[in-house]
Amino acid sequence: HISYCVANSTLKYARKTALGWDIRSIPEAGGVGSFTTLALDFWGYPHIGFQGNGPFEPVTYVFEDEDGWHVEEVASGTISQSCYLELDSGDRPHIAYCGYNKVRYAVRTVSGWESEVVYPDIDHGRGIGLALDARGDAHIVFRGNDGHVSAHIYFASYDPEPSSFTVMPDGSGM
């Protein structure tokens, strides 16, 4: 299974079957930027996260179920180079992304998307990864300049007590 964007900003989803590749366009998604992230739920349905095509475009979450494709805006007007999507054991989506020079983490709740700042000041945040541990707590790795010429790698780990992220630069403490 893969998700990707073609030159005209159309989101594509492809899966390999016994008969070859089944490739589908997802026009409901609107304009898609260069980076997509894909996860499959318990039933094998695709869930895709992406940032829109251009600056100040939203971070968007798209998923398929028995009723077809659905589109939700996670965060509006962000300047995001990339995002990363994971589903927890209950198939609830979690997305990490960079927006307005901040690393952010969003999770979908019954009342909608809730997001929080993981790291408050990152210049040119690029490259982000997200993993959920057995408890469903988020662990985020990201790269950024942090106001300096050289890039740094950061690791952020969610701590349920006191309900915040702890950030370690350049993997220190790992």
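Residues numbered from 1 in each chain as written. Predicted model: local features only at pLDDT ≥ 70, side-chain atom pairs only at ≥ 80, totals over all residues. Heavy atoms only, no water.

1. Description of the pairing of strand S11 (residues 112-119)
When strand S10 (residues 102-109) meets S11, the two strands line up antiparallel, connected through 7 bridges. Bridging across to S11, Ala106 finds its partner in Ser115. Between the end of S10 and the start of S11, which pair antiparallel, lie 2 residues. (Pairing = 2+ DSSP bridges. Helix = DSSP H or I, 4+ residues; strand = E, 2+ residues; numbered from the N terminus.)

2. Here we look at the packing of aromatic side chains
Across all of its chains, the model carries 9 aromatic pairs by this definition. Ring geometry for Tyr13 against Trp69: centres 6.0 Å apart, planes inclined by 70°, an arrangement best described as edge-to-face. Of the two residues, Tyr13 sits in strand S2 (residues 11-17) while Trp69 sits in strand S7 (residues 68-78), which places them 56 residues apart along the sequence. Both residues of the pair, Tyr13 and Trp69, count as buried. Ring centres of Tyr61 and Phe63 lie 5.3 Å apart, and the angle between their planes is 25°; this geometry places the pair in the stacked category. One exposure class covers both Tyr61 and Phe63, and it is buried. Members of the aromatic cluster, each reached through a chain of ring pairs, are Tyr61, Phe63 and Trp113. (Phe/Tyr/Trp six-rings, centres within 6.5 Å; stacked < 30°, edge-to-face > 60°. Buried < 20%, exposed > 50% of the residue type's maximum accessible area, 1.4 Å probe, protein only.)

3. Considerations on the pattern of salt bridges
Within this structure, the stated rule accounts for 6 salt bridges. Where Asp22 meets Arg24, a salt bridge forms, and the shortest distance between an N and an O atom there is 3.7 Å. For Arg24, a relative accessible area of 23% translates into the label partly exposed. The partner of Arg24 in a salt bridge is Glu64, with the nearest N and O atoms 2.8 Å apart. Within this pair, whereas Arg24 is found in strand S3 (residues 20-25), its partner Glu64 is found in strand S6 (residues 57-65), the two being separated by 40 residues in sequence. With relative accessibility at 12%, the residue Glu64 sits in the buried group. Bridged by salt links that share partners, the residues Arg15, Asp22, Arg24 and Glu64 form one connected network. (Salt bridge = Lys/Arg side-chain N within 4 Å of Asp/Glu carboxyl O.)

4. A look at the pairing of S2
Summarising the sheet, strand S1 (residues 2-5) and S2 pair through 4 bridges and their orientation is antiparallel. From the neighbouring strand, Tyr4 faces S2, where its bridge partner is Lys12. For S2 and S3, the ladder comprises 6 bridges, and the chain directions are antiparallel. What sits directly across from Ala14, in S3, is Ile23. If you look at the hairpin formed by S2 and S3, you'll find 2 residues sitting between the two strands.

5. Quick look at the side chain of Arg104
Tracing the chain through its elements places Arg104 in strand S10. The side chain of Arg104 sits in the buried core without any salt bridge; Glu116 is the nearest counter-charge, 9.8 Å away. If we ignore the near neighbours within four places in the chain, the residues touching Arg104 are Ile95, Ala96, Tyr97, Gly99, Glu116, Val117 and Val118. (Lys, Arg positive; Asp, Glu negative; His and termini not counted. Contact = heavy atoms within 4.5 Å.)

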